[in-house]
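A closer look at the structure
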Amino acid sequence: MSSAAVSSPVSAGFWLRRALMRNRGALIAAIVLAILLFIVDWVSAGPLTYFDVSFLSSGGATSALAAIGQTIVILSGGFDLSAGAVISLVNVVLASSMDPMAPGASVMLWTTVGIGVGMAVGAFNGFFIAVLRMQPIVVTLSTMFILQGVTLLVMDKPGGFVSPDLGTFYLGDAITGWLPMPLVVIGVVLLAWFWLKRTRFGTALYAVGSDTDSAAAVGINVVLVRFAVYVIAGGCYGLAGVFISAQTGSGDPLVGNPLLLSMFAAVVVGGTRLGGGQGGPVGTVFGAYILMIVVNILLVLNVSAYYSTIAEGTILVLAALAGSISHASVLAVQLRAARARLAAWRAGILPSQLERADRRLKIAGSSHGPRGPASPRPAFHLRNAETLRYALPAYVCLLVIIIVTQVWLGRAILNPGYWNSLLVLSSFLAVLALGQGTVILTGGLDLSVPWTIGISGIILAGMVNGSDAALVYALPVVLLMACAIGFANGFGIVYLGISPIVMTLATNGILQGFALLYSQGTPAGFSSPLLRWFMTGKLGLLTPVVLLMVVFVVAAVLLLGRTPFGRRVYGIGNGLRAARLSGIGVERTLILVYMLSAVCAAVVGIMLTGFSGQASLGMGDDYLLPSIAVVVVGGALITGGRGHYLGMLGGVLLLTALQMLLAGTTLPYATRAILYGLVVLGAVMALRERRLQ
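Here goes a summary of the coordinates provided. No experiment lies behind these values; they were computed from the predicted model shown.

So, the overall build of the chain
Along the backbone of the chain there are 29 helices and two strands. When burial is assessed residue by residue, the chain has 50% of its 693 residues classed as buried. Contacts in the chain between residues far apart in sequence, at least 24 positions, make up 80% of those at least 6 positions apart. Carbon and sulfur atoms provide 68% of the accessible area of the chain, an area that totals close to 32,400 Å².

Given below as structure tokens:
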């Protein structure tokens, strides 16, 4: 009896400490949220009222609901980049389907429709990811562009009608003057999560996120769990789309796009571990409201709204860094390695400080004596069998597209103007393919491409402002800025241990904010005449940029195929640990890879400014998926280690020729995004099947 009485408090204390450690992220987020609410109360004109609480609860509800779905996906070890596009699709479906002449609308009916649309998209993602075992990043990125195209087909500009009944229900009070309905909706979703977490599915979800192989070994149906995860997440996105429709009262095909950055930031701030197996939606809800309140505090302090994406991106990086700090974290390992290198330098035993002597083993007969006959060099197709296997399909499809263009539109094969236009329009993606392709070869991904392009073009146009002489200093400034962007990405990934997707997504948001601040929402300046001539003029039958692209392609092939840097890139992509053991400077190489990607994006920003005559906000938005698509279609493996620049160039020419073919038809512009997404999915699936064979 006495021993039981003694052990009971000890057991209770142990379980309490364990629970606190397991929910540490959510507890920290709750404390930060409480502090921010105190700050809001302090900087406001008066104490917080129920109206203020209701306003804040509705302001962060959409992001919180969507981030709950994203959390469930991340807990399983995945990523979902299509969440914002699902929200936009649900919004336009509701706005275009509700009858403005009807006296009322069924809230439950339209809520079910929105959730159903989201779950259908989730099932689409789940099929490719769980059943076909394709990479979540590629699948959901492709789905994002497909959905953006479908959304534009449903509604190509803001408008439509959402019944006021929806707003009255979701934005009103559950208990008048005491409890706002947005908090009730979030509470119901969290209660459903608590129930789900205690089922066998909930246990399996955490097991799959922690270690997929171990989960499969103990009999968990990994395919079913992953499929269900994306369906459930899609339902959360659909509910978020319903809620934002209630807020806006109309439709907007772009309404969900800005939510992606804040969604990931909310997940990370809430304590969920990227990679899966730890965390939960409760902390995510706190994280969503933390971000919303930070933005509101900036507005109360009369700070420009352009700082919002900078704040979100910075918080995302800091939260990801704070969540990964431990004795075994990348940052801790790098600090210990730096301390060891410093100690070795002081002792004079660094490799660079030792005597340079040839310590290689001597092999008998290697330098003297007769040698046997030299082996005949294999034929070209044997030496390059793997490259041809994966790169040739893009060129075969290109030939088919050109023949179809000739048959359908005419004036293609024998028309010099067609070939010149094809090469000029391909030049942008050809440059991006080198940067993004090199990143992909190392197993990473660069999501900061869009606003690296945008800010480069905006700064160049503002500095040049029609002057050829200004190019002398404007071009180096833009390229040096790109090097700094790439270095920041590489440093965060290599030395801080932040996921490439999270780091580059945060950088993209930060660059967007800086671009808006620099231009004050309206980019000024225009291209110089020389740059304009370079992109649109003529030297005989060719535009000058075509001649430069020939040189660029040769340099790119040599860089990846004939230099130590290229060999190090492939070595890292084929195995990070093996690369380290073989003496490759992994950290230095990865930083150079991301710097190369940023420089390539900046060059495209410069080229686009010359091509269009001026820069514009969002000028790089249309190049994210294509920059990945051309690499994948060209035969590169999205997980790294396999690919050739000539294959990527084939993907560039193929997608550009396809774009030119579509431009000559009566198909709407939205079909281009849909087609890009379908082409990437098809290419990844086809190349995956070849690899398995």
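More follows now that the structure is in view.
Observations regarding unusual backbone geometry
Excluding glycine, residues mostly have negative phi values, and the peptide bonds linking residues are mostly trans. A positive phi angle, near 60 degrees, is found at Arg133, a position not held by glycine. Phi angles above zero are rare outside glycine, and Asn465 is one such case at about 50 degrees. Its place among the elements puts Asn465 in the loop between helix 19 (449-464) and helix 20 (471-494).

Some points on the side chain of Thr656
The residue Thr656 is located in helix 28 (residues 645-663) in this model. Overall, Thr656 belongs to the buried group, its relative accessible area being 2%.

Description of the environment of Gly159
Position of Gly159 relative to the elements: it lies in the loop between helix 6 (136-154) and helix 7 (164-171). With a relative accessible area of 24%, Gly159 lands in the partly exposed category. Along the backbone, Gly159 and Ser250 are 91 residues apart, and their C-alpha atoms lie at a distance of 5.7 Å. Setting aside anything within four residues of it in sequence, one finds Gly159 in contact with Ala95, Ser250 and Gly251.

Digging into the nonpolar core
Ranked by internal contacts, the top residues of the largest apolar core, which has 199 residues, are Leu166, Tyr170, Tyr237, Ile453 and Tyr645. Apart from the residues lying within four places of it in its own chain, the contact partners of Leu166 are Leu94, Met98, Val107, Val242, Ser245 and Ala246. Within the second largest apolar cluster, eight residues are counted, among which are Ile572, Ala579, Ile584 and Ile591.

A look at the packing of helix 24 (residues 564-574) against helix 26 (residues 586-612)
Two elements in contact, helix 24 and helix 26, have axes whose closest approach is 10 Å; the angle formed by their N-to-C orientations is 105 degrees. Considering their axes alone, helix 24 and helix 26 lie roughly perpendicular with respect to each other. Here helix 24 contributes Phe565, Arg568, Val569 and Ile572 to the contact with helix 26, which in turn contributes Val586, Thr589, Leu590, Leu592, Val593 and Leu596. For the contact of helix 24 with helix 26, the per-class residue count stands at eight nonpolar, one polar and one charged.

Focus on helix 26
An ideal rise of 1.5 Å per residue puts 39 Å on 27 residues; helix 26 measures up with 39 Å between its terminal C-alpha atoms. The element helix 26 is largely enclosed, with a buried count of 21 among its 27 residues. One or two positions beyond helix 26, positive phi appears at Gly613, with a value near 90 degrees.

Considering the environment of Gly177
Inspection of the secondary structure puts Gly177 in the loop between strand 1 (173-175) and strand 2 (179-180). On a C-alpha basis, the gap between Gly177 and Tyr50 in space is 6.8 Å, while along the polypeptide they are 127 residues apart.

Remarks on the packing of aromatic side chains
Counted by the stated rule, this structure contains 11 aromatic pairs. Taken together, the ring pairs in this structure connect Phe124, Phe127 and Phe128 into an aromatic cluster.

As for the pattern of salt bridges
This model, assessed by the stated rule, comprises one salt bridge. Arg580 is the salt-bridge partner of Glu587, the closest N and O atoms lying 2.6 Å from each other. On the basis of relative accessible area, Glu587 is assigned to the buried category, the value being 18%.

Some points on the side chain of Ser426
Within the secondary structure layout, Ser426 lies in helix 18 (residues 416-441). For Ser426, a relative accessible area of 3% translates into the label buried. Within polar-contact distance, the side chain of Ser426 engages the side chain of Thr656 at 3.3 Å. With residues near it in sequence (within four places) discarded, Ser426 still touches Val652, Leu653 and Thr656.

Thoughts on the packing of helix 4 (residues 83-97) against helix 5 (residues 107-131)
Axis separation between helix 4 and helix 5 bottoms out at 10 Å; the angle between their running directions is 140 degrees. In this view, helix 4 runs oblique relative to helix 5, as classed from their interaxial angle. With respect to the hand of their crossing, helix 4 and helix 5 are arranged in right-handed fashion. Packed against helix 4, whose contacting residues are Val86, Leu89, Val90, Val93, Leu94 and Ser97, the element helix 5 presents Trp110, Val113, Gly114, Val117, Gly118 and Val121 at the interface.

Considering the environment of Leu274
Relative to the elements of secondary structure, Leu274 occurs in the loop between helix 12 (259-269) and helix 13 (281-300). Among all residues touching Leu274, those that are not within four sequence positions of it are Ile74, Phe79, Val268, Ser499 and Val502.

Regarding helix 4
Over its 15 residues, helix 4 extends 21 Å from the first C-alpha to the last, a length consistent with the 21 Å expected when each residue adds 1.5 Å. Summarising burial for helix 4: 13 of the 15 residues are buried, a large majority.

The rules we used
Residues numbered from 1 in each chain as written. Predicted model: local features only at pLDDT ≥ 70, side-chain atom pairs only at ≥ 80, totals over all residues. Heavy atoms only, no water. Helix = DSSP H or I, 4+ residues; strand = E, 2+ residues; numbered from the N terminus. Buried < 20%, exposed > 50% of the residue type's maximum accessible area, 1.4 Å probe, protein only. Contact = heavy atoms within 4.5 Å. Areas by Shrake-Rupley, 256 points an atom, 1.4 Å probe, with all protein chains shown as cover. Core = buried A, V, L, I, M, F, W, Y, C linked by side-chain atoms within 4.5 Å. Axes fitted to C-alpha atoms, helices over the stretch in contact; angles between N-to-C directions. Parallel < 35°, antiparallel > 145°, perpendicular 65-115°, else oblique. Nonpolar A, V, L, I, M, F, W, Y, C, P; charged D, E, K, R; others polar. Expected span 1.5 Å × (residues − 1). Phe/Tyr/Trp six-rings, centres within 6.5 Å; stacked < 30°, edge-to-face > 60°. Salt bridge = Lys/Arg side-chain N within 4 Å of Asp/Glu carboxyl O. Polar contact = N/O pair within 3.5 Å; in protein donor to acceptor, adjacent residues only side chain to side chain. Left-handed = near helix turned anticlockwise from the far one by under 90°.

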